[in-house]
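A look at the structure
One-letter residues, chain by chain:
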Amino acid sequence: MSQRDAFTSTFGVLVATLGSAVGLGNIWKFPYLTGTNGGAGFLLVYLLATLLVGLPVMIAEIMLGRTARANAVSTLAQLAPRQPLWQSIGYMGLLAAVLILAFYTEVAGWVFAYIVKALRGQLQFTDPHSAAAAFGALVGSPWQALLWQWLVLAFTGGIIMLGVSKGIEAVTKRLMPLLFLLLFLLCVRSLTLPGAMAGLAFLLQPDFGKITTSVVLTALGLAFFKLSIGMGTMITYGSYFRDEQNIPATALRVMLADLSVSLLAGVAIFPAVFAFGFAPSAGPSLVFMTIPAVFYSMPGGSLFMTLFFVLTAIAATGAILSILEVPVAMLTERLGWHRRKATLVTLFTIALLGVPAALSHGVTAGWKLFGLNPFELFDFISSNILLPLGGILIALFAGWVYGLPKLRDALSNHGQLQNTRIIGLLYLLTRYVAPLLVAVILLKGLNVF
Ligand code: PFF
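The shown structure was predicted, so the numbers you read here are calculated from the model rather than taken from an experiment.

Counting through the fold element by element, V73 comes out in helix α4 (residues 72–79). Judged by relative accessible area, which is 0%, V73 ranks as buried. Spatially, the C-alpha atom of V73 lies 31 Å from that of S214, the residues being 141 residues apart in sequence. Excluding residues that lie within four positions of it along the chain, V73 makes contacts with Q87, G90, Y91, M330 and R334.

What follows is the structure in structure tokens.
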């Protein structure tokens, strides 16, 4: 996407936005966080956070971006020229983008590596011991961890510099249904394994005693991460939205589709976790251990497994491109840099920060701050602090500075859409509910009071 390009069709907008939302968040992060945070209770809080905070903030971001038609910093500069402090949303987003990419590209690297492992028949197991050994061999080797991450950086950088991001959108559009189908197949296999019901119960029967303040903060952070909000990605994407696009309806569809992918991944994974005797609280390795086991226990498994990791890699690539768009759009539009230079500088920064993140399962495992290794720390700071903070500011800006008349005008496409009631509700959510709720969760979750 070049600087002031725009999406060319209503459906294209939907697909591109979905391409940003759907990624490792659904297939890797959602299942592992659900596993480490106690299952169904976490899922419930995550759903509430998505509805009450995620959706309104997403709509607000897209709306602001489309109004200003600029990157995150310039959008705020344009909409509040005399209040430069609001631009901090954009700068915080820049920091969040770099931190997220430092660990996200590492996990994407694992996915790429698993494609090769699947092709070579190295993922043929159903027992936790072999699964842990295969994963450990990859992440425990510093060179493998680094090289796969650099491969991902080179790959996504290449796509941007060749200007073929549109191509990736076209590919995503065609392959997303296939990913859906494959996940569905996995669900069927997983649910028919002996002992599967314990996994389903884990996912669907909440144990309210397990919902602590830190669980709530994590669920909120996931809601932001999932919808690519709180850091200006959706402001940037909104700036490419068409004038006649129905923003609330598009955001709702993206949220529902995104949620379905996560839920399918959850149903594919947890029954198998219990059936094969994995630990639901395994952490970031959960998916990489469980998914091969499910595939291995079905006919034609190796082929499907390879395909699955290819599709996951493509989904991850779409998300990475959208995160990269934040710094790249900002550097080109604010500093007048050429797109190529902006991309290279961004990638180089991520590669540097990515080193300690990539080595977190080996060399830097002991480098702890607040009890977190670099990989966990980057995730915590971005997902659980910066994105919620960005979300509060965006909601406050939309609800109090931008205000109801403009909000009504923007979201109804100058009165063309009959959605006054929805807008009224969104206004209440962005003005009061979202900022208050997020502020309380953030302060409580961080033990400030
Ligand atoms: N939403 C993506 C996922 O769930 O994988 C990750 C992501 C993309 C986060 C874009 C933030 C962002 F700006």
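Having seen the structure, we can now continue with the description.
Before going further, it helps to examine the nonpolar core. Of all hydrophobic cores here, the largest spans 150 residues; its most connected members are W28, M63, W110, L186, F308 and F309. Per element, the largest residue contribution to this core is 20 residues, and it comes from helix α5 (residues 88–119). In this structure F308 touches I27, L179, L182, L183, L186, I291 and F295, once residues within four positions along its chain are discounted.

To continue, consider the packing of aromatic side chains. Under the criterion given, the structure shown has 21 aromatic pairs. Their ring planes at 90° and their centres at 6.2 Å tell us that W28 and F375 sit as a pair that is edge-to-face. Placement of W28 in helix α2 (residues 24–36) and of F375 in helix α16 (residues 374–411) is noted, with a sequence separation of 347 residues between them. Each member of the pair W28 and F375 is classed as buried. Judged by centre distance (5.4 Å) and plane angle (65°), the ring pair of Y114 and F309 falls under edge-to-face. Taken together, the residues span a long stretch of sequence, with Y114 in helix α5 and F309 in helix α14 (residues 301–335) at a distance of 195 residues. Above the ring of W337, the side-chain terminus of K341 is found at 4.3 Å from the ring centroid. Across from the ring centre of W400, 3.4 Å away, lies the NZ or CZ of R431, which sits over that ring.

Take the site of the ligand next. Surveying the vicinity of the ligand reveals 13 residues, the closest of which are G25, Y104, F225, K226 and T233. One nitrogen or oxygen atom from the side chain of Y104 is found 2.5 Å from an oxygen atom belonging to the ligand. Given that more than half its atoms are within 2 Å of the pocket grid, the ligand belongs to the second largest cavity. Mapped onto the shell around the ligand, the elements with two or more residues apiece are α1 (10–21), α2, α10 (213–226) and α14.

Of the volumes computed, that of the largest pocket is approximately 560 Å³. Together, 26 residues line the largest pocket, and Y32, L33, T36, L372 and E376 are the ones closest to its centre. For the lining of the largest pocket, the secondary structure elements donating two or more residues are α2, α10 and α16. The leading source of residues in the lining of the largest pocket is α16, at 6 residues. Split into classes, the residues belonging to the lining of the largest pocket amount to 9 nonpolar, 14 polar and 3 charged.

The next point concerns empty space enclosed by the protein. Across all of its chains, the model carries 4 cavities of 30 Å³ or more by this definition. Taken together, 15 residues form the lining of the second largest cavity, with S20, Y104, F225, S228 and I323 sitting closest to its centre. When residues of the lining of the second largest cavity are traced back to their parent elements, those giving at least two are α1, α5, α10 and α14. A total of 3 residues in the lining of the second largest cavity trace back to one element, the largest contributor, which is α14. The residue makeup of the lining of the second largest cavity, split by class, is 9 nonpolar, 5 polar and 1 charged.

For an α-helix, the turn length of 3.6 residues means that residues three or four places apart are oriented alike. In a regular helix each residue adds 1.5 Å, so 26 residues correspond to 38 Å; helix α17 (residues 420–445) covers 35 Å between its end C-alpha atoms and thus fits that length. For α17, the principal kink sits at L429 and spans about 45°. Looking at α17, one finds that the buried residues are I423, L426, Y427, L429, T430, R431, A434, P435, V438, I441, L442 and G445. Where α17 is buried, its residues meet α3 (40–68), α10, α12 (247–276) and α16. Once α17 finishes, N447 follows within two positions and takes phi at roughly 60°, a positive value.

It is worth spelling out the side chain of N384 at this point. If you trace the backbone, N384 turns up in helix α16. Here N384 falls in the buried class, since its relative accessible area comes to 7%. The contact partners of N384, leaving out residues within four places of it in the chain, are L217, T218, G221, D379 and L442.

Summarising the element assignment, T250 is placed in helix α12. With relative accessibility at 3%, the residue T250 sits in the buried group. In contact with T250, other than residues within four places in its own chain, are V13, L14, F241 and Q245.

Let us look at the pattern of salt bridges. Applying the stated criterion across every chain, the model contains 6 salt bridges. Across the pair K210 and D207 runs a salt bridge, and its minimum N-O distance is 3.9 Å. You can call D207 partly exposed: its relative accessible area is 38%. With a closest N to O distance of 3.1 Å, K226 and D258 form a salt bridge. In this pair, K226 sits in helix α10 while D258 sits in helix α12, placing the two residues 32 residues apart along the sequence.

What counts, and at which threshold
Residues numbered from 1 in each chain as written. Predicted model: local features only at pLDDT ≥ 70, side-chain atom pairs only at ≥ 80, totals over all residues. Heavy atoms only, no water. Helix = DSSP H or I, 4+ residues; strand = E, 2+ residues; numbered from the N terminus. Buried < 20%, exposed > 50% of the residue type's maximum accessible area, 1.4 Å probe, protein only. Contact = heavy atoms within 4.5 Å. Core = buried A, V, L, I, M, F, W, Y, C linked by side-chain atoms within 4.5 Å. Phe/Tyr/Trp six-rings, centres within 6.5 Å; stacked < 30°, edge-to-face > 60°. Lys NZ or Arg CZ within 6 Å of the ring centre and 35° of its normal. Near = heavy atom within 4 Å. Polar contact = N/O pair within 3.5 Å; in protein donor to acceptor, adjacent residues only side chain to side chain. 1 Å grid on protein atoms, 1.4 Å probe; cavity = no way out; pocket = protein on both sides within 12 Å on 5 of 7 lines; lining within 4 Å. Sits in = over half its atoms within 2 Å of the grid points. Points joined across faces, edges and corners; volume = space filled by probe spheres on them. Nonpolar A, V, L, I, M, F, W, Y, C, P; charged D, E, K, R; others polar. Expected span 1.5 Å × (residues − 1). Bend = angle between axes of the 7 residues up to and from the residue. Salt bridge = Lys/Arg side-chain N within 4 Å of Asp/Glu carboxyl O.

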